[in-house]
2 protein chains.
Amino acid sequence: MTSIAMIEAAAQRLSGHARRTPLLSSPFLDDLAGRRVFVKAECLQHTGSFKFRGAWNAISALKPSGVVAFSSGNHAQGVALSARLQGLPAVIIMPSDAPANKIDNTRALGAEVVLYDRATEDRDAIGDRVATERGLTLIKPFDMAEVIAGQGTAGLEIAEQAAEVGVTQGRVLVPCGGGGLTSGIALALEARAPGFTVHPCEPEGFDDVARSLKAGSLQRNTRLSGSICDAIVTPQPGDLTWPVIARLCGPGQVVTEDEALRAMGLAHDRLKLVLEPGGAVALAAALFRPGSEPVIAVASGGNVDRAMMARALAQ
Amino acid sequence: MTSIAMIEAAAQRLSGHARRTPLLSSPFLDDLAGRRVFVKAECLQHTGSFKFRGAWNAISALKPSGVVAFSSGNHAQGVALSARLQGLPAVIIMPSDAPANKIDNTRALGAEVVLYDRATEDRDAIGDRVATERGLTLIKPFDMAEVIAGQGTAGLEIAEQAAEVGVTQGRVLVPCGGGGLTSGIALALEARAPGFTVHPCEPEGFDDVARSLKAGSLQRNTRLSGSICDAIVTPQPGDLTWPVIARLCGPGQVVTEDEALRAMGLAHDRLKLVLEPGGAVALAAALFRPGSEPVIAVASGGNVDRAMMARALAQ
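In every chain, residue numbers begin from 1 and rise along the written sequence. Written order determines the labels here, with chains lettered from A and ligands numbered from 1. At least 70 in pLDDT is required for a residue's local features to be given in this predicted model, at least 80 for side-chain atom pairs to be given and counted, and no such filter applies to totals for whole chains, interfaces and linings, which use all residues. Here the side-chain values reflect all heavy atoms present in the structure, with hydrogen atoms and water set aside.

By nonpolar core is meant a set of buried Ala, Val, Leu, Ile, Met, Phe, Trp, Tyr and Cys residues that side-chain atoms within 4.5 Å join together. Buried, partly exposed and exposed residues are distinguished by accessible area as a fraction of the type maximum, computed with a 1.4 Å probe on protein chains only: under 20%, between the cut-offs, and over 50%, respectively. Residues L273, L275 and L283 of chain A together with M264, L273, L275 and L283 of chain B are the most contacted members of the largest nonpolar core, which totals 82 residues. Only heavy atoms matter for contacts: two residues are in contact if any of them lie within 4.5 Å across the pair. Aside from chain neighbours lying at most four places away, what touches L275 of chain A is C43, M264, A267, A280, L283, A299, G301, G302 and V304 of chain A. Listed in part, the 27 residues of the second largest apolar core include L14, L81, A83 and V113 of chain B.

Have a look at this one:
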């Protein structure tokens, strides 16, 4: 399992390679929310999301001769750029109906893209074959100790940056899909800033983690598509992430798609940040759910297409 | 005149108050421009532009009992927030036809707004009367040594951040209105990173600084309205800023409004930053003007309304 020592080691590996993203705030957002609101701007991380942290750390720690990943989104870009910067080949396995710009972006970052037909081909079988034939190591999107440790470095930074502005207790809100970022941050704060409680944030209708926390046992989403917050929709929390979340996190927070879009608009107006809907759910919870404690919202990603941003700006 | 010692003193005053904004980059922008491109993200500064630096420094250095400023834009917000954070009253004098949201924003930052009629009233007379009656100190937008010193702190950060990524020579492109930011950065880099040349950047039709540099003497703009880059349109360079620019800067770069809008779109897609048109002219020059040296573009502000951002995204 991931330990604070592994997160500290990850921070060493990331030093000089990942960005130490800023902790931002705006008096306008404080007034709107009626409390102090800080935003950890992971949309400014390399490739536009926190995923670069876990990918870089896993590749640095495992020292593979090459890597393979399944993803059509933020994890793909994080793995592709990390591999390229470390001089390693990367194969990204994507469904053939993935958006053309996501395929192009991943190729532009130096990865080889292998497409499969979702209706007729088995993704895992293709991954196994490619990994075996070419001696590649699979980098999982969240259920992998070194990936969780890499994401946890964002938590170390939050602990330091919050202390710099004199905040040592409150709530840390984290957009949560498979739980890699949430569990990594929770582990880092448990050790370095125990005055904070971590709360996973999800979109309405895809709140498997909030329901799991409430039930005290792992719950699944009934559907897996149809959310504009696609970047954080997964079937259920991971085998490694769920025990950490169950042990360390406070109740989940659930926001509507409209609230995520409104948070994107306010991040545009007041923070000058571009967020994707899934990356904006924690900010939405910070702004639109009552509370009096200081709150730190992680803005986990900004890979949004222009049409969706225009939709947020039209709210 | 502003000296490097004054800029260093300004950096001390700003420490812990202004943000050390990140120097960002994207492999996609490097590929597009055919050279290394870095962006100094001053849109992430408090109040969404670099103006907070000069305002904070001038107020800290001059220790007034209260301040007054003429502005309907970024300078107004920088002065208002700096004064509020230092516990001082601020009066901002704005034309009565200024956009309502700019008036509201300035008031929300704690300033008293005094409106005047551009057709019938003399702005300077009102400013003098308010200053005298109430014992306030005028904070000018650029032609003031302590304001220039404050803006120059962005140059100290550029020198350090460029060295951290191994870049010690190339071009630094700066959006230029009255020249406070350009001259401050040029003075800082002359002392701390002399391998860089500073180039002022302006929109087509409002290129008084580029023409002044070419002519070797101060030139004026023939018109002062009608640019989407309104934040950086001034009649001519300042009495204090022009001698610095004339001595230290390389040729000015001029971009079209369409190029500024395209740069805003690319900053959205690749850097996850919101820029205003005037704040995007240096990035536009970095991306769309040929060159092989590394280039650092200052993204000076992000205070753009949603309609203008939607226009940039539709390019």
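Counting from both sides, the interface comprises 32 residues of chain B and, opposite them, 33 residues of chain A. With both sides pooled, the region where chain B packs onto chain A buries about 2600 Å², and carbon together with sulfur makes up 57% of that total. Here, a salt bridge means any Lys or Arg side-chain nitrogen found within 4 Å of an Asp or Glu carboxyl oxygen. The interface formed by chain B and chain A includes 2 salt bridges. With a closest N to O distance of 2.9 Å, R306 of chain B and D269 of chain A form a salt bridge. In protein, a polar contact means a hydrogen-donor-capable atom and an acceptor-capable atom, both N or O and within 3.5 Å, with residues adjacent in sequence counting only if both atoms are side-chain atoms; elsewhere, any N or O pair within 3.5 Å suffices. Taken together, the connections running from chain B to chain A amount to 16 residue pairs in polar contact (both at pLDDT 80 or more). Each helix is a run of H or I in the DSSP string that is no shorter than four residues. Each strand is a run of E no shorter than two, and both are numbered from the N terminus. With 6 residues, the single largest contributor to the side of chain B that touches chain A is helix α11 (residues 257–271) of chain B. All amino acids are sorted into three groups, where Ala, Val, Leu, Ile, Met, Phe, Trp, Tyr, Cys and Pro are nonpolar, Asp, Glu, Lys and Arg are charged, and the leftover types, Gly among them, are polar. Residue composition of the side of chain B that touches chain A, by class: 18 nonpolar, 8 polar and 6 charged. Summed over both partners, the accessible area lost on bringing two parts together, with a 1.4 Å probe, is the buried area.

Here we come to the environment of V167 of chain B. Within the fold, V167 of chain B resides in the loop between α7 (145–164) and β7 (170–175). For the pair V167 of chain B and F196 of chain B, spaced 29 residues apart in sequence, the C-alpha to C-alpha distance is 9.5 Å.

Residues and elements named next belong to chain B. The interhelical angle for the contact between α11 and helix α12 (residues 281–288), taken along N-to-C directions, is 90°, at an axis separation of 8 Å. It follows from the interaxial angle that α11 and α12 lie roughly perpendicular. Residue-level contacts link E259, A260, R262, A263, L266 and A267 of α11 to V281, L283, A284, L287 and F288 of α12. Inter-axis angles, ranging from 0 to 180 degrees, are taken between N-to-C directions of lines fitted to C-alpha atoms, where helices are fitted over the stretch in contact. Put simply, angles under 35 degrees are roughly parallel, angles over 145 are roughly antiparallel, angles from 65 to 115 are roughly perpendicular, and the rest are oblique.

On to unusual backbone geometry, then. Residues and elements named next belong to chain A. Of note, T47 is a non-glycine position whose phi angle comes to about 65°, a positive value. In this fold, T47 is placed in the loop between β2 (37–41) and α3 (51–62). A positive phi is found at K63, a non-glycine position, where the angle reads about 45°. Along the chain, K63 turns up in the loop between α3 and β3 (67–70).

All of the buried residues along helix α13 (residues 306–313) of chain A are M308, M309, A312 and L313 of chain A. Looking straight down α13 of chain A, one finds its buried side chains confined to an arc of 140°; they lie on one side. Those residues of α13 of chain A that are buried are in contact with α11 (257–271) of chain A together with α11 and α13 (306–313) of chain B. It is the directions from the helix axis to the C-beta atoms whose arc is reported.

It is worth spelling out the pattern of salt bridges at this point. Here the structure, examined in full by the defined rule, presents 30 salt bridges over all chains. A salt bridge links R20 of chain A to E164 of chain A, with the nearest nitrogen and oxygen atoms 3.6 Å apart. Taken together, the residues R20 of chain A in the loop between α1 (4–14) and β1 (23–24) and E164 of chain A in helix α7 (residues 145–164) connect sequence positions 144 residues apart. Note that E259 of chain B is salt-bridged to R289 of chain B, the shortest N-O span being 2.7 Å. One end of the pair, E259 of chain B, is in helix α11; the other, R289 of chain B, is in the loop between α12 and β10 (295–299), with 30 residues separating them in the sequence. Put simply, K40, E42, R53 and E157 of chain A are held in one network by salt bridges that share partners.

Residues and elements named next belong to chain A. Domain borders in the structure are assigned automatically or taken from a domain database. Entries for chain A in the domain assignment read domain 1 (4–50 + 145–313) and domain 2 (51–138). Each of domain 1 and domain 2 has a C-alpha centre, and these two points are 24 Å apart. Taken together, the 26 residues of domain 1 in the interface contact 16 residues of domain 2. Here domain 1 is connected to domain 2 by 3 salt bridges. With a shortest N-O distance of 4.0 Å, K102 and D230 are connected by a salt bridge. At the junction of domain 1 and domain 2, the tally comes to 13 residue pairs in polar contact (both at pLDDT 80 or more). When residues of the side of domain 1 that touches domain 2 are traced back to their parent elements, those giving at least two are α1 and α7. If you tally residues by element for the side of domain 1 that touches domain 2, the top one is α7, at 8 residues. Class assignment of the residues belonging to the side of domain 1 that touches domain 2 gives a composition of 8 nonpolar, 10 polar and 8 charged.

Moving on, we get to the pairing of strand β8 (residues 196–203) of chain A. Residue and element names in this part refer to chain A. Counting buried positions over the 8 residues of β8 gives 7, a clear majority of the element. Pairing of strand β7 (residues 170–175) with β8, which is carried by 6 bridges, proceeds in the parallel orientation. Bridge pairing links G170 to F196 in β8. One requirement defines pairing of two strands: DSSP has to find at least two bridges between them. When β8 meets strand β9 (residues 253–255), the two strands line up parallel, connected through 3 bridges. Across the sheet, the residue bridging to E202 is V254, located in β9.

In this section: the packing of α1 of chain A against α3 of chain A. Residue and element names in this part refer to chain A. One way to put it is that α1 packs onto α3 with a least axis distance of 9 Å and a crossing angle of 95°. Relative to α3, the element α1 is oriented roughly perpendicular. On α3, the residues that touch A10, R13 and L14 of α1 are R53, W56, N57, S60 and A61.

With that settled, consider helix α6 (residues 123–134) of chain B. Because the α-helix completes a turn every 3.6 residues, residues three or four places apart line up on one side. Residues and elements named next belong to chain B. Compared with the 16 Å implied by 1.5 Å per residue over 12 residues, the 16 Å span of α6 between its first and last C-alpha is a close match. Every buried residue of α6 is accounted for by I126, G127, V130 and A131. Seen from one end, α6 has its buried residues packed into an arc of 125°, which puts them on one side. Seen from the buried face of α6, the exposed residues on the opposite side, beyond 90 degrees, are D128, T132 and E133. Residues of α6 that are buried sit in contact with β3 (67–70), β4 (90–95) and β5 (112–116). Trailing α6 by a residue or two, G135 shows a phi angle of about 65°, which is positive. Expected helix span is taken as 1.5 Å per residue step, with the number of steps being one fewer than the number of residues.

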